[in-house]
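# Observations on the model geometry
So the chains spell out like this:
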Amino acid sequence: PKEEPSTKENSTTNPLKYKFEYGTHHTKMILVGMEDRLRVIVSTANLGKVDELLQANGAFVQDFPFKLPIQAAAAPPSPLGDDFERTLIHYFESYGYQTKKQWSFGGPARTLVEQLAQYDFSNAQAILVPSIPGYHAIVPEDEQRPRNGRPTKPLQGYLKLKHAIQTHANTAESSQSSIRYGPVVTQFSSIGSLSEKWLKDFSTSLSVAPAHRPKNKKGKPNLGEMIKLVWPTVQEIEGSCVGMAGGAALPGRIKNLDKKCVKPLLCKWSPRPTTTTTTTNHSKNLIHRPKSIPHIKTFFQLQHTKNQNKEEEEDEEEESFAWFCMGSQNLSKAAWGETINGKFGKCHRVLAWEMAVLVCPSITGKRLVPYTGRENYQDDIMTIPLPYDSIPQRYSPNDQPWNMDYAMNMSMMGNMM
């Protein structure tokens, strides 16, 4: 799409009511219409050979059939499917597309939104997590009070992700004493200017068990134990498959990465070295891509469950994902939103068009585990191909985060572009 929220409002390039100076269109999503179904692809990659061949990216893909005629549809609507459809349609409504097209041979002319409403999303295996530029509600739709007949609107950014995690991942099982939760792990290809308050709000919102998060001596949440930020070091980019040139896809600035609240949270992209005497789950991943440029964007929280098999070691734990999110959102207020008090009252301000998906065991009906190639493939297990350590390694004192300032200081920009 040609939409850019940084251009004049209510124009051909910005259908929104407002102009956002730092707004952008960043979604990586493809809709493929087929004779009997619609394929929805939510990706982290741009359309180009570099993204396909030299970068680590990811995609969620699912097909949806046409809806049955009303008289044949006996089953009640699926809550997941209903949320998927409403979110998808609301997202594309924000583009302001009104042109009607003939989407199938001999079929009626419809707008894109009207065509999307023809498909059956009841078997959705993920929750859509959109970001639409604007000033949005901070409470879920079922808690909103319609004003002047206006319909309620879906949550956006990390508030939608928070609500989805609370609804689908924070189950009765999550409170069991045999389950230990790790920090929220974030991995991205760009980072905005973040504050300690925003990082705490973000990580607390996404944690399955925020009440159990470690606290410092003053009784406040310990940010270092709440969240990890996976970002490559200068050495990792220099040693990548394309060398320094690959760093152009990671436009991080040192002023954002070197902040007091950010730098201690940084973790390496490459896996930690393995030894012959110690082997852990997070060092077994056979699809690690330490030489590829990390353009993928992932967010998750691990849960460690004590193994109940008494024949095995007592301290052994099974590692799985409490939830897993992947999409176009980088780690920034522009992408995920920020709750503010302004001329519209308390609201959630988002600056960019983005799209991600969330999966968790209650949605898929299966345990989600990092793919290693050594799993016993069971019907109750679904693997997620994570291209880096599920328990990422913190930076060492000598590690320097990759940043564009370093590239410019090395007079490499001419060769990178």
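See above for the structure.
Residues numbered from 1 in each chain as written. Predicted model: local features only at pLDDT ≥ 70, side-chain atom pairs only at ≥ 80, totals over all residues. Heavy atoms only, no water.

## A closer look at helix H2 (residues 79–93)
Spelled out, the test is: In DSSP terms, a helix is any run of H or I states spanning at least four residues, a strand is any run of E spanning at least two, and both are numbered starting from the N terminus. Under the convention used throughout, the expected extent of a helix is 1.5 Å for every residue step, that is, one less than its residue count. Relative accessibility thresholds used throughout: buried, under 20% of the residue-type maximum; exposed, over 50%; partly exposed, between the two (1.4 Å probe, protein chains only).
Between its first and last C-alpha, H2 extends 21 Å over 15 residues, near the 21 Å set by a 1.5 Å rise per residue. Taken across its 15 residues, H2 has 11 buried, putting it largely inside the fold. Looking at H2, one finds that the buried residues are Leu 80, Gly 81, Asp 83, Phe 84, Glu 85, Thr 87, Leu 88, Ile 89, His 90, Tyr 91 and Phe 92.

## Things to note about the pairing of strand E18 (residues 352–359)
Put simply, side chains in a regular strand alternate between the two faces of the sheet. Filter applied, for reference: When DSSP finds two or more bridges between a pair of strands, those strands are recorded as paired.
With eight of eight residues buried, E18 is to be regarded as a mostly interior element. Judged by which residues are buried, E18 turns out to be covered on both faces: Ala 352, Glu 354, Ala 356 and Leu 358 on one side and Trp 353, Met 355, Val 357 and Val 359 on the other are all buried. Bridge analysis of strand E1 (residues 24–25) against E18 gives two bridges, and the strand direction is parallel. In the sheet register, Thr 24 faces E18, and the bridge partner there is Ala 352. Relative to E18, strand E15 (residues 317–327) runs antiparallel, the two being bridged by four bridges. Considered in E18, the bridge of Phe 324 is made with Val 359.

## Comments concerning the packing of aromatic side chains
Any two aromatic rings considered together are summarised by their centre-to-centre distance and by the angle between their planes. Applicable threshold: In summary, the pairing rule links any two rings of Phe, Tyr or Trp, Trp by its six-membered ring, whose centres are within 6.5 Å, and it sorts them by plane angle into stacked for under 30 degrees, edge-to-face for over 60 and tilted for everything else.
Summed over all chains, the structure comprises 22 aromatic pairs. A ring pair is formed by Tyr 158 and Phe 202, whose centres lie 5.6 Å apart and whose planes are at 80°; its orientation type is edge-to-face. Here Tyr 158, found in helix H4 (residues 157–168), pairs with Phe 202, found in helix H5 (residues 196–206); they are 44 residues apart in sequence, far enough to count as distant. We note that Tyr 158, like Phe 202, is buried. Centroid distance Phe 300 to Tyr 388: 6.4 Å. Interplanar angle 35°. Geometry classified as tilted. Of this pair, Phe 300 sits in strand E14 (residues 298–306) while Tyr 388 sits in the loop between strand E20 (381–384) and helix H11 (404–409), and the two are 88 residues apart along the sequence. Residue class for Tyr 388 comes out buried when judged on its relative accessible area of 0%. Ring-pair connections join several aromatic residues into one group, and the members of that group are Tyr 91, Phe 92, Tyr 95, Tyr 97 and Trp 353.

Read these as layout, nothing more, since geometry by itself doesn't imply function.
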